[in-house]
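Next come the chains, spelled out residue by residue.
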Amino acid sequence: MKISPTLPSIAAALLALGGCAPSKEDLQLPPPPKAETQVDLQRFAGSEIGAPIGDRRPWVTHVRAVDLDQDGRLDAIGCEAKDSEVIWLRQLPDGSFQEIVIATQAQAPVHAEAYDLDADGDLDLLVSCMNIVFPNNDKIGTLMVLENDGSQNFTQRILLEKVDRVTDARAADLDKDGDLDLVVGQFGYDQGEVRWMRNLGNWNFESQTVLQLSGTINVTVDDYNGDGWLDFAALVSQQWEEIHLFENDGNGSFKKSRVIWGSANDDYAVSGMSSADLNRDGKPDLVFTNGDGFGPNPVPGPRPWHGIQWLENKGSGYFKYHRIADLGGAYSPVALDIDHDGDTDLLALSSFNDWSNPQAESLMLYENDGRMNFQATVLAHEPIQLLSIDAGDFDGSGRYSIVSGGLHAYQPYERMSRFMIWRPQ
């Protein structure tokens, strides 16, 4: 049984034990179309942003591109788990970034999303905190809000505490009453859960547990069955290696839930999930990576079955599995039309690779040919051990830049980064 605190955003960086061959089911899956991997190290130029890395070993568990102060310039939000800080990388008029710490003693934050949670016209931050990133059974998880006063001064509000370690939370109006409810994933360790929290107003929430399993990494929200009500999905690791769908019954309840994908390989190492209409048929699909890479060796690394894949939404809450590509240590899938040709491409990281090989891929692009075949291109070999990426139009040019965060919990402690922006060339 694996004993990791894998994130999304995090932390495969923190699994232990494990190691088994791929399941028969995995080996029998049809391989993706084969195409030679390209290398284009000039397509994006990476540069450090924020405070200098200095002699520290960063533990950036999550980055998100968002215009936090709504001044028309895209910023970035970062979670630094080792320093227990939430960081605002504010973009200045000259394109540089000012680092502003907006929360200290944040109990090992691992995921942050921006929403106007109190409907006052500015963006607040919903922050998931593990408290301790390495395996721990204690009820030490916290879900907090950094409430914006409109001038980017933030007040910390605790919405959930003393629970299994929290790894992801999303806000959406699940019951159609006009305010934002919450979906929360809790990795825990031996115990974990998924819950939704009905907004009662004035920062009060009614909490309902819908799944009691350890290992939830990410949750996503969308209308997956096309009935006009928002549903949610959960990516669950540990020995489960499953994706669960929770369908809204239209009465403020999620009694119908089921596994829509799973692997019999308990070292499959799912590592991140996002929701996107990948084939542009009007139905939201799920894109997910597997790449935790931990095994019996003290240094984590790639496995033959690691990679990136998608679940095609066939309607009525049913999905079809497709493998996109092999990628050792795969993490942080991001869907976007990066080349503006009308179809959806993918970005991903190799967080855990053979870093003794200078040609090991770190940042990857998968370009869609319009027929759901994906051309793999290596964008960077270093820095290594990137854990989280996001993308957006940072310069107003209409082109996408990438923001990344590095987590350096394992050797080699070299070619490190903290926060970077990758601008198209």
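Here the structure is a predicted model, which is why all the values come from computation and not from measurement. (Residues numbered from 1 in each chain as written. Predicted model: local features only at pLDDT ≥ 70, side-chain atom pairs only at ≥ 80, totals over all residues. Heavy atoms only, no water.)

Colleague: Now, about the overall build of the chain: what can you tell me, with residues and values included?
Modeller: Assigned secondary structure in the chain consists of 1 helix and 29 strands. In terms of overall dimensions, the chain is globule-like: its C-alpha atoms have a radius of gyration of 20 Å, near the 22 Å expected for 425 residues. Per-residue burial for the chain yields a buried fraction of 60% across its 425 residues. Nonlocal contacts in the chain, meaning residues at least 24 apart in sequence, comprise 52% of its contacts between residues at least 6 apart. Carbon and sulfur atoms provide 46% of the accessible area of the chain, an area that totals close to 15900 Å². Both charge centroids of the chain, one from 32 positive and one from 65 negative side chains, sit 4 Å from each other. (Helix = DSSP H or I, 4+ residues; strand = E, 2+ residues; numbered from the N terminus. Rg over C-alpha atoms; globule rule 2.2 N^0.38 Å. Buried < 20%, exposed > 50% of the residue type's maximum accessible area, 1.4 Å probe, protein only. Contact = heavy atoms within 4.5 Å. Areas by Shrake-Rupley, 256 points an atom, 1.4 Å probe, with all protein chains shown as cover. Lys, Arg positive; Asp, Glu negative; His and termini not counted. Charge placed at Lys NZ, Arg CZ, Asp CG, Glu CD.)

Colleague: Tell me about the sheet that holds strand β11 (residues 166-172), and please be specific about residues and values.
Modeller: If you trace the 4 strands from one edge of the open sheet to the other, you get β11-β12-β13-β14, paired in antiparallel fashion. Two strands close off the open sheet at either side, each with one partner strand: β11 and β14 (204-211). Within the sheet, the average angular offset between the axes of one strand and its neighbour, ignoring direction, is 20 degrees. (Pairing = 2+ DSSP bridges. Axes fitted to C-alpha atoms, helices over the stretch in contact; angles between N-to-C directions.)

Colleague: Give a detailed account of the packing of aromatic side chains, specifying residues and quantitative values.
Modeller: Inspection of the entire model under this criterion finds 11 aromatic pairs. Ring plane angle 10 degrees and centroid distance 6.2 Å describe the contact between Trp-261 and Tyr-321, whose orientation is recorded as stacked. Note that Trp-261 is positioned in strand β18 (residues 256-262) and Tyr-321 in strand β22 (residues 318-326), a separation of 60 residues in sequence. An identical accessibility class is assigned to Trp-261 and Tyr-321; each is buried. Cluster of aromatic residues (ring-pair linked, three or more members): Trp-196, Phe-232, Phe-246 and Phe-254. It is Arg-57 that lies over the ring of Tyr-413; its NZ or CZ is 3.6 Å from the centre. Against the face of Trp-229 rests Lys-176, its NZ or CZ located 4.4 Å from the ring centre. (Phe/Tyr/Trp six-rings, centres within 6.5 Å; stacked < 30°, edge-to-face > 60°. Lys NZ or Arg CZ within 6 Å of the ring centre and 35° of its normal.)

Colleague: A description of the environment of Asp-395 should follow, citing residues and the corresponding values.
Modeller: Looking at where Asp-395 falls in the secondary structure, it is placed in the loop between β27 (386-392) and β28 (401-406). For Asp-395, a relative accessible area of 41% puts it in the partly exposed group. Separated by 300 residues in sequence, Asp-395 and Gly-95 have C-alpha atoms that sit 7.2 Å apart. A polar contact of 2.6 Å, which involves the side chain of Asp-395, links it to the side chain of Ser-397. (Polar contact = N/O pair within 3.5 Å; in protein donor to acceptor, adjacent residues only side chain to side chain.)

Colleague: Can you explain empty space enclosed by the protein? Please cite residues and give values.
Modeller: All chains considered together, the criterion is met by 1 cavity of 30 Å³ or more. Computed from the structure, the largest cavity encloses a volume of approximately 60 Å³. Around the largest cavity, the lining comprises 12 residues; the ones closest to its centre are Pro-300, Phe-352, Trp-355, Gln-385 and Tyr-410. (1 Å grid on protein atoms, 1.4 Å probe; cavity = no way out; pocket = protein on both sides within 12 Å on 5 of 7 lines; lining within 4 Å. Points joined across faces, edges and corners; volume = space filled by probe spheres on them.)

Colleague: Before we move on, can you summarise the side chain of Asp-390 with the specific residues and values?
Modeller: With respect to the helices, strands and loops of the structure, Asp-390 is situated in strand β27. Within the structure, the side chain of Asp-390 is placed 3.2 Å from the side chain of Arg-64, a separation counted as a polar contact. Dropping the residues within four chain positions of it, Asp-390 is found in contact with Val-63, Arg-64, Ala-65, Val-334, Ser-401, Ile-402 and Val-403.

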